[in-house]
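As a plain string of letters, each chain reads:
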Amino acid sequence: MQVTRYSARPDPATPPSARPDPATPPKRPAVTAIAVAALAAVLLTGCRDGGRRTAGIDRDAGTGTSSTTGSTAPTAGTQNPPTTPAQVDSDINTVDGLLGQLEGQLNKADQAPADGDG
Amino acid sequence: MMRRMLVIAALAVGLTGAAAAPAYAADGLTEAKRVVTAQIDGRLAALRVMSAALSEAQRLTPAHKSTLTDLIASDRTGLNALKTKVAGETTVAAVRADAASMVNDYRIYLLVVPKVHLTHALDLESAAIGALRKVYDRLVAAVAAAKQAGKDVGDADAKLADLGTQLAAAEAAITGKVDTLLAIKPGPDADAIRGALKPIRDAVHSTRGDLRQAVADAKAVRDILKR
């Protein structure tokens, strides 16, 4: 590990002028830590968005505003999932089916009563 | 044979509410009982058909199904009791009174059968309105998204507006109609029953027209979005 190497005692064979200044913080470990943290943040964000999409939540739908940048984003759980043509087709087919059944009921309801007014 | 035909004709006239009182032959009691019993059986058969229709009706609300099921059960009980009463009658006049009761107290064909079919029709329309509201919401969102993406949506907005209008009209036409329908009672005045049924029947028909137009609008918008 890089950190272990820099925290080790100075090599006596190294001239003092070539040794790192103890007052100056080491730079490479800090850069590495920042890079790792940034990578983790990116990965975590990706996973969270993936999970939200799996749950049918599109953070950019509706207003086009990211939920991380403003208060105009709809609250997760109250937002409609994005519409697809297949969904609309399915819903319209449902209505067509209901109207077909309605025709049948109306035909029966409109038949003249048997046995006169009984 | 001629006497038998006369008895049947006289009963038929009496059952359809004509003012002229049928003159049964003194020995026509058995025949009168047979005719009225057969007519009761016809009504019981119709109730069985209605009961089966209720069992198969998937779009009836539980409350409406329960009300109609109770009505049918009650009428079956009453008609079976009436059938037993007819069998025990000793005069033609009593059989005639039973025949009048069979018609006026139940109105199976004039009222109960339409109640079942029209209630089912109204519940189907209510379900269709709910489904179309969902379609409407989806299409509104889809058209907005298409516009935002710079797509030409033609007259989608006008179609959506008409869809909303049709849905509002359909909803207004059927609101409260089932309750009104189920509250109609049987009675001797057939015209009054017909008159009470007519606005409900008309509302079901007009709503069907509204829904057809709404579906046409929805399909038009869908097709625009698919282009």
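Residues numbered from 1 in each chain as written. Chains lettered and ligands numbered in written order. Predicted model: local features only at pLDDT ≥ 70, side-chain atom pairs only at ≥ 80, totals over all residues. Heavy atoms only, no water.

Visitor: Looking at this structure, how should I read the overall build of chain B?
Guide: Counting secondary structure elements, chain B contains 8 helices and 0 strands. Going from the N terminus to the C terminus, chain B shows its helices and strands as α-α-α-α-α-α-α-α. Counting the 227 residues in chain B, one finds 45% classified as buried. Counting only contacts in chain B whose residues sit at least 6 apart along the sequence, the fraction spanning at least 24 positions is 80%. Surface exposure of chain B reaches about 10700 Å², of which carbon and sulfur atoms provide 57%. (Helix = DSSP H or I, 4+ residues; strand = E, 2+ residues; numbered from the N terminus. Buried < 20%, exposed > 50% of the residue type's maximum accessible area, 1.4 Å probe, protein only. Contact = heavy atoms within 4.5 Å. Areas by Shrake-Rupley, 256 points an atom, 1.4 Å probe, with all protein chains shown as cover.)

Visitor: Even after reading the chapter, I still don't get the interface of chain A and chain B, so can you show me in this structure?
Guide: In this assembly, 27 residues from chain A lie in contact with 39 residues from chain B. The contact between chain A and chain B buries some 3000 Å² in all, and 61% of this surface belongs to carbon and sulfur atoms. For the pair chain A and chain B, the number of links is 8 salt bridges. Summed over the shared surface of chain A and chain B, the result is 12 residue pairs in polar contact (both at pLDDT 80 or more). Residues of the side of chain A that touches chain B, tallied by class, amount to 11 nonpolar, 8 polar and 8 charged. (Buried area = accessible area lost by both parts, 1.4 Å probe. Salt bridge = Lys/Arg side-chain N within 4 Å of Asp/Glu carboxyl O. Polar contact = N/O pair within 3.5 Å; in protein donor to acceptor, adjacent residues only side chain to side chain. Nonpolar A, V, L, I, M, F, W, Y, C, P; charged D, E, K, R; others polar.)

Visitor: Where do I start with the nonpolar core in this structure?
Guide: Core analysis: the biggest nonpolar cluster contains 72 residues, and Ile40, Leu79, Ile108, Leu132, Leu139, Leu163 and Leu211 of chain B have the highest contact counts within it. Where this core is concerned, the elements lending two or more residues are α3 (85–110) of chain A together with α2 (29–56), α3 (62–88), α4 (92–104), α5 (108–148), α6 (156–174), α7 (177–183) and α8 (190–226) of chain B. Among the elements that make up this core, the one with the highest residue count is α5 of chain B (20 residues). Beyond its immediate chain neighbours, meaning those up to four positions away, leucine 139 of chain B contacts Val88 of chain A together with Leu160, Leu163, Ala218, Val221, Arg222 and Leu225 of chain B. (Core = buried A, V, L, I, M, F, W, Y, C linked by side-chain atoms within 4.5 Å.)

Visitor: I would appreciate a short explanation of the packing of α3 of chain A against α5 of chain B in the present structure.
Guide: Each pair of packed helices can be described by the angle between their axes along with the distance between the axes. Their axes nearest at 9 Å, the elements α3 of chain A and α5 of chain B cross at an angle of 160°. The angle between α3 of chain A and α5 of chain B falls in the class roughly antiparallel. Pair α3 of chain A / α5 of chain B crosses with left-handed handedness. Considered class by class, the residues forming the contact of α3 of chain A with α5 of chain B number 15 nonpolar, 5 polar and 5 charged. (Axes fitted to C-alpha atoms, helices over the stretch in contact; angles between N-to-C directions. Parallel < 35°, antiparallel > 145°, perpendicular 65-115°, else oblique. Left-handed = near helix turned anticlockwise from the far one by under 90°.)

Visitor: Just checking my understanding: could you explain unusual backbone geometry for this structure?
Guide: In most cases, non-glycine residues show a negative phi, while peptide bonds are predominantly trans. All names here are of chain B. Phi is positive for arginine 107, which is not a glycine, with a value near 50°. Along the chain, arginine 107 falls in the loop between α4 and α5. In this structure arginine 107 comes out as buried when scored by relative accessible area, which is 2%.

Visitor: What is the right way to look at the confidence of the model for chain B in this model?
Guide: Reading predicted coordinates in detail is not appropriate for stretches of low pLDDT. Residues and elements named next belong to chain B. Looking at chain B as a whole, its pLDDT mean stands at 90, while 88% of the residues score no less than 70. Confidence drops under a pLDDT of 50 for residues 5–21, and excluding neighbours within four residues, the segment shows 25 contacts in the predicted structure. Interface scoring of the predicted complex returns ipTM 0.77; its pTM is 0.69. (pLDDT = per-residue confidence, 0-100.)

Visitor: Could you clarify how one ought to interpret the side chain of glutamine 166 of chain B in this entry?
Guide: Residues and elements named next belong to chain B. Along the chain, the position of glutamine 166 falls in helix α6. The exposure class of glutamine 166 is buried, given its relative accessible area of 14%. Setting aside anything within four residues of it in sequence, one finds glutamine 166 in contact with Asp210, Gln213, Ala214 and Asp217.

Visitor: Please explain the confidence of the model for chain A as it appears in this structure.
Guide: Residue and element names in this part refer to chain A. The pLDDT averaged across chain A works out to 56; a share of 25% of its residues lies at or above 70. Across chain A, the element-wise mean pLDDT spans from 42 in helix α1 (residues 2–7) up to 89 in α3. Segment residues 1–20: pLDDT under 50, and 9 contacts once partners within four positions in sequence are set aside and those in other chains are kept. Across residues 41–78, where pLDDT falls below 50, the model places 31 contacts with residues more than four positions away in sequence or in other chains.

Visitor: Looking at this model, I keep getting lost on the side chain of glutamate 31 of chain B. Mind explaining?
Guide: Among the secondary structure elements, glutamate 31 of chain B is positioned in helix α2. The exposure class assigned to glutamate 31 of chain B is buried, which follows from its relative accessible area of 14%.

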